[in-house]
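Inside the fold
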Amino acid sequence: MGFVLCGAVISLGTAFCSIKAKLMWSMPMANSIIWFHFTKYFRQPVVSVYYSITYLCIFIITLIVFCVIAIKKFNYDNVAEIAA
């Protein structure tokens, strides 16, 4: 399921970036491409680069919280049985 979700996020991000939709800023793809943050000729900022840095930090913190929750729920007693 993780691979499918990751592929969907990348596909949606690429599609939104290619049509220059406002929804592209909700996906990691547009935030990772610096030249999308500025207009083509005069380099006026469309979206601040600090927005992307904040987006990245919030995303990382959210993933860490989910990992901590998942680690607390994991049953370490059954690791040998699952691997066998």
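Everything numeric here is computed off the predicted structure, so don't read it as measured data.

1. Comments concerning the overall build of the chain
When its secondary structure is counted, the chain shows 4 helices and 0 strands. Moving toward the C terminus, one meets the helices and strands of the chain in the order α-α-α-α. Since a compact globule built from 84 residues should have a radius of gyration of about 12 Å, the 18 Å found for the chain marks it as more spread out than a globular shape. Along the three orthogonal principal directions, the C-alpha set of the chain runs to about 60 × 25 × 15 Å.

2. A short note on the side chain of Ser-52
Along the polypeptide, Ser-52 turns up in helix α3 (residues 49-73). Setting aside chain neighbours within four positions, we find Ser-52 in contact with Asn-31 and His-37.

3. Focus on a nonpolar patch on the surface
A cluster of nonpolar residues, Phe-59, Ile-61, Leu-63, Val-65, Phe-66 and Ile-69, forms a patch on the protein surface that exposes about 560 Å² of accessible area. With respect to the element layout, Phe-59 can be found in helix α3.

4. Observations regarding the environment of Lys-40
Structurally, the position occupied by Lys-40 is in the loop between α2 (28-32) and α3. Lys-40 gets classed as exposed once you look at its relative accessible area, which sits at 64%. When the C-alpha positions of Lys-40 and Leu-63 are compared, they lie 34 Å apart, and in sequence the two are 23 residues distant.

5. A closer look at the nonpolar core
With 8 residues, the main nonpolar core is built from Phe-16, Cys-17, Met-24, Trp-25, Met-27, Ala-30, Phe-36 and Val-47. Residue contacts for Ala-30: discarding those within four places in its chain leaves Cys-17, Met-24, Trp-25, Phe-36 and His-37.

6. Things to note about the side chain of His-37
Looking at where His-37 falls in the secondary structure, it is placed in the loop between α2 and α3. One polar contact links the side chain of His-37 to the main-chain carbonyl oxygen of Ile-33, over a distance of 3.2 Å. In contact with His-37, other than residues within four places in its own chain, are Trp-25, Ala-30, Asn-31, Gln-44, Pro-45, Val-46, Val-47, Ser-48, Val-49 and Ser-52.

7. Some words on unusual backbone geometry
Phi is positive for Lys-20, which is not a glycine, with a value near 55°. By the secondary structure assignment, Lys-20 is in the loop between α1 (2-18) and α2. Backbone geometry at Arg-43 places phi at a positive 55°, although glycine is not the residue there. Residue placement: Arg-43 occurs in the loop between α2 and α3.

8. A look at the confidence of the model for the chain
Mean pLDDT over the chain stands at 88; residues scoring 70 or higher make up 94%. The least confident element of the chain, judged by mean pLDDT, is helix α4 (residues 79-83) at 62; the most confident is α3 at 93.

About the criteria used
Residues numbered from 1 in each chain as written. Predicted model: local features only at pLDDT ≥ 70, side-chain atom pairs only at ≥ 80, totals over all residues. Heavy atoms only, no water. Helix = DSSP H or I, 4+ residues; strand = E, 2+ residues; numbered from the N terminus. Rg over C-alpha atoms; globule rule 2.2 N^0.38 Å. Contact = heavy atoms within 4.5 Å. Patch = residues over 30% accessible without salt bridge, like charges linked within 9 Å, V, L, I, M, F, W, Y side chains within 5 Å. Areas by Shrake-Rupley, 256 points an atom, 1.4 Å probe, with all protein chains shown as cover. Salt bridge = Lys/Arg side-chain N within 4 Å of Asp/Glu carboxyl O. Buried < 20%, exposed > 50% of the residue type's maximum accessible area, 1.4 Å probe, protein only. Core = buried A, V, L, I, M, F, W, Y, C linked by side-chain atoms within 4.5 Å. Polar contact = N/O pair within 3.5 Å; in protein donor to acceptor, adjacent residues only side chain to side chain. pLDDT = per-residue confidence, 0-100.

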